[in-house]
Protein chains: 2
Amino acid sequence: MVKKVEIPEDLQEIARFAKAMSHPVRVYILKKLSSRNACCYSGDLVDELPIGRSALSQHLKELKHAGLIQGEIEAPFIKYCINKENWAKLNSAFNDYLNVKLNETKIEI
Amino acid sequence: MVKKVEIPEDLQEIARFAKAMSHPVRVYILKKLSSRNACCYSGDLVDELPIGRSALSQHLKELKHAGLIQGEIEAPFIKYCINKENWAKLNSAFNDYLNVKLNETKIEI
DNA sequence: TTTTCATTTCGTAATTTTGCGAAATATTAA
DNA sequence: TTAATATTTCGCAAAATTACGAAATGAAAA
């Protein structure tokens, strides 16, 4: 009989990252900020996205709490950029998790 | 002024996949079924995981609806396996999405 | 047919997520 | 100081998520 065990931390981390990416608006923001190392303002995003300011603000907060973006005050704006370190962590975590070949049991001789 | 636009379908797809992976139990199941092409029964999982049968059943249903696993009746069991086609889709979707180099703006001469 | 077994579905409850508009905050411009 | 601007926080409501135990399902075994 297999003992009930805590789910390994690396899998829990994947779940946390996946949760941060589980809404189209957040996927959009991460895409925008990660490609081209671009930064942007909340006001840029609210013009592009089909949600209001306060909802957007909550998505930004969530991404901040997940450590994936960071905001820098550039009054009267807040400039949001990707958090490179944690974005790299997310990348390698997904790489490790997903890069399990479907046919790895096939052994070539 | 940038027009408000629907979020592109590829990003919405990432969000859907991420949502399927946004819970540790589901991450665990997908890991188990994707590596080694293993299949397993609900009963195997319930012994390993820190949740009850009915909660597990709901996670399996969610993964089925996301198209990531499939169940085959092998009475009195149900054998769950990865859905290779859609798992491959998930892999390439994340690959496209994530494989945006942080330093792609650096141009080597 | 009745019992047994693995699993799902149902009913319910607690919590989280998502979104909105209004109000608050904080900084710059007048 | 007052007004304007960008953004967040608050209060709220609707919907989704998560989990449980009990009951239902469906197939095999007795």
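Everything numeric in this text was worked out from a predicted model, so none of it was measured.

What counts as what
Residues numbered from 1 in each chain as written. Chains lettered and ligands numbered in written order. Predicted model: local features only at pLDDT ≥ 70, side-chain atom pairs only at ≥ 80, totals over all residues. Heavy atoms only, no water. Salt bridge = Lys/Arg side-chain N within 4 Å of Asp/Glu carboxyl O. Buried < 20%, exposed > 50% of the residue type's maximum accessible area, 1.4 Å probe, protein only. Disulfide = S-S within 2.5 Å. Helix = DSSP H or I, 4+ residues; strand = E, 2+ residues; numbered from the N terminus. Pairing = 2+ DSSP bridges. Contact = heavy atoms within 4.5 Å. Axes fitted to C-alpha atoms, helices over the stretch in contact; angles between N-to-C directions.

Draft legend 1. Looking closely at the pattern of salt bridges. All names here are of chain A. A full pass over the atoms with the stated rule returns 8 salt bridges over all chains. Between R16 and E9 there is a salt bridge; the shortest N-O distance is 2.8 Å. For R16, a relative accessible area of 46% puts it in the partly exposed group. Assessed through its relative accessible area of 48%, E9 is described here as partly exposed.

Draft legend 2. Summary view of the state of the cysteines. Residues and elements named next belong to chain A. By the definition in use, this model includes 2 disulfides over all chains. One disulfide bridge connects C39 with C81, the sulfur atoms lying 2.0 Å from each other. Note on the C39 and C81 pair: the S-S dihedral is about 115°, so by sign convention the disulfide is right-handed. On the criterion of sequence distance, the pair formed by C39 in the loop between α2 (24–34) and β1 (40–41) and C81 in strand β3 (residues 77–82) is long-range, its members being 42 residues apart. Given a relative accessible area of 14%, C81 falls into the buried group. Here C40 stays free of any disulfide, with the sulfur of C39 as its closest cysteine sulfur at 7.6 Å.

Draft legend 3. Here's a closer look at the sheet that holds strand β2 (residues 69–74) of chain A. Residues and elements named next belong to chain A. Read from one edge of the open sheet, 3 strands run β1-β3-β2, paired in antiparallel fashion. The sheet terminates laterally at β1 and β2, the two strands that pair on one side only. Both β1 and β3 contribute to a ladder of 2 bridges, which runs antiparallel. Note on β3: the bridge partner recorded for Y41 is K79. Lying on the sheet, helix α4 (residues 53–65) is in contact with β2 and β3; it crosses β2 at an angle near 115°.

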